[in-house]
Structures are given as C-alpha cells and as structure tokens.
Amino acid sequence: MKLNEKNLIAFAVSPTPVDKEGWLNKRGEVNKGFQRRWFVLKGNLLFYFEKKGDKEPVGVIILEGCTIELAEFEDHFSFKIVFHGPGNRSYILAADSHDVMEQWMKALACASHDYMKLMVADLQRQLEELEDNVPVTTNPFININNHQGGSSPQPPPRVRHNPFNKPASSHNLRSTSTSNASSSVPRSKLTFRELHNMYGRPILINHNEWRHRHKLSLERQNSTALISL
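All values reported here derive from a predicted model rather than from experimental measurement.

**A short note on the environment of glutamate 102**
Tracing the sequence through the fold places glutamate 102 in helix H2 (residues 98-109). Residue classification places glutamate 102 among the partly exposed residues on the basis of a relative accessible area of 35%. Separated by 23 residues in sequence, glutamate 102 and phenylalanine 79 place their C-alpha atoms 9.2 Å apart.

Encoded structure:
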C-alpha cells in the first residue's frame, strides 16, 4: 500500500479524535535497548513521537494483519505487535504498569479493520436472532372475551375529518361570490389598449366634466364680485 508521508504527518498532529495516547517504551530494531516514546492511536494507525507535543512523528505502525501478544521480558510490562509472515518485523513495547499494559493491548487488538468487520458481523447475527425471537403481537380487541363465552368487542369506528373541508353554507357562499365575480370579469384575455379604453376613457370624461364645472363656478364667483363693486 502506498502511503503519502505528508498526509500521514498532517493526520498524526491534526485535532482528530484520539483513541488512546500515552508513554510507552519501545525496543529498537538495531539497538536492542528500550527508548521512551509518546504513542498516539488513531483508528488503525499507531503513531509514536520522540516527545509529547512534537509536530512530526518518528514513525507509524499500521495495525492490519497483526496480533497483540505478551512479550517475555521479566523486568518489563512488555507486549509485542507481531506481523505474521516471512521477513515481517515485530514491535516490542513496554508499559509502566500491568494495568497500562492491558489497556494498550486491548486498544491495539480492537483497532484493525478486520476486527471491526468481525464485530459488525457478530452484531448483525445477534440482531437477526432477536428479530426471530420477538413474539407476534395480537390484536387486543379480538377474542378477548372468548373464554367467557361472550362476543368479542369491536373497536370503535374511526371517523377521520379532513381539516380542509368547509361547512356547506360557507362553501355555497364562497362558490356564489366566486361565480358572481367570475361573471363580471371577461373570460378572454384583454390587451393593454382594450383595458385603457375600458377604464381610462370614463375617467378622462369625468375629469373633463369636473374641470368644466369648476371653471363655471369660478366665473360665477368673479361676476358676483364685480357686481358688488
């Protein structure tokens, strides 16, 4: 599998959720002594840093195709990550206490994708068993009084009302008003010129009549004022 080093470094120090982190002692591949490293577990990737808070990990272990086993070191609470197959390396780690060692071994054993697939398959099997064992529910209104010899009660009728239905009176009133309004409006579509002739001309005639009456009124007032002088 091809890995992008920059993406791995960015993921290692990103604020993504961390499954487990803490100090462990790691045995070197060339130098067989133990070196203290800060380990961060994210999914199936186990990053280790030289110090806590470093911006770049020293290395990463991909937890696929491996097993977590106890290591035979009497003076350390040690365990190992074993990759099976010829030429594969095993990583030997040691914790500060027995409890910390068990916590890390459990977390690493559950981190692989294969383990998650097994868990999902097991949960699916348990769900199917539960569905098969669920008893069939019976109708409480059927055969409830058969042991007394009486007739079985029937559920009350369910009357459903449409909230959009209106009373007949209001419906008739609305339909009448709608029909009257529709009769006064021509059904054919009118052009702007026709609308102008229909509504504009009467308004213009009324306006001209008002101006004529207003002019006559002013003339009468002027003539009356001259006579009085």
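Picking up after the structure, the text goes on.
**A look at the sheet that holds strand S6 (residues 77-83)**
Read from one edge of the open sheet, seven strands run S4-S3-S2-S1-S7-S6-S5, paired in antiparallel fashion. For this open sheet the edge positions go to strand S4 (59-62) and strand S5 (66-70), each flanked by a neighbour on one side alone. Geometrically, the sheet is characterised by an average inter-axis angle of 35° between neighbouring strands, direction not taken into account. When S5 meets S6, the two strands line up antiparallel, connected through five bridges. Bridged to leucine 70 within S6 is phenylalanine 79. Packing of H2 onto the sheet brings it into contact with strand S1 (20-27), strand S2 (34-42), strand S3 (45-49), S5, S6 and strand S7 (90-95), and relative to S6 it is tilted by some 15°.

**Focus: the confidence of the model for the protein**
For residues with low pLDDT, the predicted coordinates do not support detailed interpretation. The pLDDT averaged across the protein works out to 77; a share of 66% of its residues lies at or above 70. Throughout residues 181-186 the model reports pLDDT below 50, and contacts reaching past four residues in sequence, or to other chains, amount to zero contacts.

**Some words on the side chain of arginine 37**
Tracing the sequence through the fold places arginine 37 in strand S2. The side chain of arginine 37 sits in the buried core without any salt bridge; glutamate 50 is the nearest counter-charge, 5.3 Å away. Here arginine 37 is in contact with Gly22, Trp23, Leu24, Lys26, Tyr48, Phe49 and Glu50, once residues within four sequence places are set aside.

**With respect to the pairing of S2**
Alignment of S1 against S2, held across eight bridges, turns out to be antiparallel. Within the sheet, the bridge partner assigned to glycine 22 lies in S2 and is phenylalanine 39. Counted between consecutive antiparallel strands, the loop separating S1 from S2 contains six residues. In terms of strand pairing, S2 meets S3 through five bridges, oriented antiparallel. Of the residues in S3, the one forming a bridge with lysine 42 is leucine 45. Hairpin connection from S2 to S3: two residues lie between these consecutive antiparallel strands, with glycine 43 at a positive phi of about 65°.

Cut-off values and rules
- Residues numbered from 1 in each chain as written.
- Predicted model: local features only at pLDDT ≥ 70, side-chain atom pairs only at ≥ 80, totals over all residues.
- Heavy atoms only, no water.
- Helix = DSSP H or I, 4+ residues; strand = E, 2+ residues; numbered from the N terminus.
- Buried < 20%, exposed > 50% of the residue type's maximum accessible area, 1.4 Å probe, protein only.
- Pairing = 2+ DSSP bridges.
- Axes fitted to C-alpha atoms, helices over the stretch in contact; angles between N-to-C directions.
- Contact = heavy atoms within 4.5 Å.
- pLDDT = per-residue confidence, 0-100.
- Lys, Arg positive; Asp, Glu negative; His and termini not counted.
- Salt bridge = Lys/Arg side-chain N within 4 Å of Asp/Glu carboxyl O.

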